Amino acid sequence: MTVALSGDGGDESFAGYDFRYVPHAIEASARRFMPPVMAPAAGWLGARWPRSQRLPRPLRVSTLLENLSRDPATAYYSDLAFLKPPDTRALMGLPPDRDPASSPVYAAVTDPYRRCASKDAVQRSEYADLKVYLPNDPLVKVDRMSMAHSLEVRCPLLDRRVVELAFRIPASHKQSGRTGKTLLRRLAQSRLPEGLWRLPKRGFTAPTGSWLSGPYASRFRDEVLRSDSAVGDHLDRRDLARRFDAHHRREADHGYVLWATWVLERWLQTAGRRETSAVVSG
């Protein structure tokens, strides 16, 4: 097989990320009823609201409250990060209360959101995802791995005409309640067996959280938490150790940030230290 078809672009154009687009729709509805003067109070309450995964889902409103205290573009910026900006700064040993707009990547993420002609929060998030997330994450991974095996991958749902059609369709027609990609599911229903079109959405995320709380916990501890680790020059060791201990005890899920830290450590051990040495010697 030399060519394969991919479904990349379907989520971004047809509201498939229900775990993100549904909350965006809820936030937009809440903004219409919340007086602007209440925004600081919502942020204060959200920062202190319990974040336990053991809470019933309807009570997990900390992110919603915090986002209501921000403008929509900044809320989108925060949602796109697997570690929220204040937590990232805390991990780096920096004060967590800095304005996110001062981040060097803030404008690159929020400018497409603001440029979108639609006023609908879901459409604007979809548009920004097409411009920021899709070309910098899923498409990169697919292209690298397919090219490594001499496989050409084509993305029919990213055809310009399909994308333009999708953005002429109101977001309310593309998601129904907590279900995303409603139109694509209806199309699949007319062509595929029920056992296929009723399948829930599944990502391709590696089980890094389980690895780091199980078989690779000791290797992470030996490489990243040792006193002479390279990453220790850039991060707060105590904050990192606290996150690892909570994750190892399965009290919290810090899988993404721990894995990213491990990747950074490996990079610093090779390319990072080599480049630093070249700068110093030069």
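Located above this text is the structure these notes cover.
Attention in this report is confined to the structure presented alongside it. (Residues numbered from 1 in each chain as written. Predicted model: local features only at pLDDT ≥ 70, side-chain atom pairs only at ≥ 80, totals over all residues. Heavy atoms only, no water.)

1. A word on helix α5 (residues 72–80)
How we decide: Each residue's exposure class comes from its accessible area (1.4 Å probe, protein chains only) as a fraction of the maximum for that residue type: buried when under 20%, exposed when over 50%, partly exposed otherwise. Secondary structure elements follow DSSP: runs of H or I no shorter than four residues count as helices, runs of E no shorter than two count as strands, and numbering proceeds from the N terminus. Every residue pair with non-hydrogen atoms within 4.5 Å of one another is taken to be in contact. Polar contacts, as counted here, are pairs of nitrogen or oxygen atoms within 3.5 Å of one another; within protein the pair requires one atom able to donate a hydrogen and one able to accept it, and residues that are adjacent in sequence qualify only if both atoms are side-chain atoms.
Burial analysis of α5 places 7 of its 9 residues in the buried class, the great majority of the element. Listed in full, the buried residues belonging to α5 are A73, T74, A75, Y76, Y77, S78 and D79. Each element contacted by the buried residues of α5 is listed here: α2 (18–33), α4 (62–68), α6 (85–91), α7 (106–115) and α8 (121–136). If you check the start of α5, you find a side-chain oxygen 3.1 Å away from the backbone N of A73, and it comes from D71.

2. Examining the packing of aromatic side chains
Formally: Stacked, tilted and edge-to-face pairs are distinguished by plane angle, under 30 degrees for stacked and over 60 for edge-to-face with tilted covering the rest, among Phe, Tyr and Trp rings (Trp via its six-membered ring) whose centres lie within 6.5 Å. Any Lys NZ or Arg CZ found within 6 Å of a ring centre and within 35 degrees of that ring's normal is scored as a charge over the ring.
Summed over the entire model, instances satisfying the criterion amount to 13 aromatic pairs. Ring geometry for W211 and Y216: centres 6.0 Å apart, planes at 75 degrees, overall edge-to-face. Under the relative-accessibility criterion, Y216 is labelled partly exposed at 31%. Cluster of aromatic residues (ring-pair linked, three or more members): W211, Y216, F220, F244, W259 and W262. K174 extends its terminal NZ or CZ atom over the ring of F167, reaching a point 5.0 Å from the ring centre.

3. Side note on the side chain of N67
When you line up the elements, N67 lands in helix α4. Residues contacting N67, with those up to four places away along its chain left out, are E27, R31, A75, S78 and D79.

4. Considering the pattern of salt bridges
Here is the rule we go by: Any Lys or Arg side-chain nitrogen found within 4 Å of a carboxyl oxygen on Asp or Glu counts as a salt bridge.
In the structure shown here, the tally under the stated rule is 16 salt bridges. Where D129 meets R20, a salt bridge forms, and the shortest distance between an N and an O atom there is 2.8 Å. Remark: R20 occurs in helix α2 and D129 occurs in helix α8; sequence separation between them is 109 residues. Using a relative accessible area of 0% as the deciding quantity, one classes D129 as buried. Residue classification places R20 among the buried residues on the basis of a relative accessible area of 11%. One salt bridge connects E265 with R226, and the closest N-O pair in it is separated by 3.8 Å. Placement of the pair is E265 in helix α17 (residues 255–281) and R226 in the loop between α15 (217–224) and α16 (237–248), with a sequence separation of 39 residues.

5. Re the packing of α2 against α5
The cut-off we apply is this: Working convention: axes come from line fits to C-alpha atoms, limited for helices to the stretch in contact. Angles between N-to-C directions cover 0 to 180 degrees. Convention used here: angles under 35 degrees read as roughly parallel, angles over 145 as roughly antiparallel, angles from 65 to 115 as roughly perpendicular, and any remaining angle as oblique. It is the rotation of the near helix from the far one that decides the hand of a crossing: anticlockwise by less than a right angle makes it left-handed, clockwise makes it right-handed. When residues are sorted by character, Ala, Val, Leu, Ile, Met, Phe, Trp, Tyr, Cys and Pro go into the nonpolar class, Asp, Glu, Lys and Arg into the charged class, and all the rest, Gly among them, into the polar class.
Where α2 meets α5, the closest approach of the two axes is 12 Å, and the angle between their N-to-C directions is 155 degrees. By the angle class used here, α2 and α5 are roughly antiparallel. Considering how the two elements wind past one another, α2 and α5 form a crossing that is right-handed. Taken together, the residues of α5 that come into contact with α2 (itself represented by R20, H24, E27 and R31) are P72, A75, Y76, D79 and L80. Partitioned by chemical class, the residues of the contact of α2 with α5 number 4 nonpolar, 1 polar and 4 charged.

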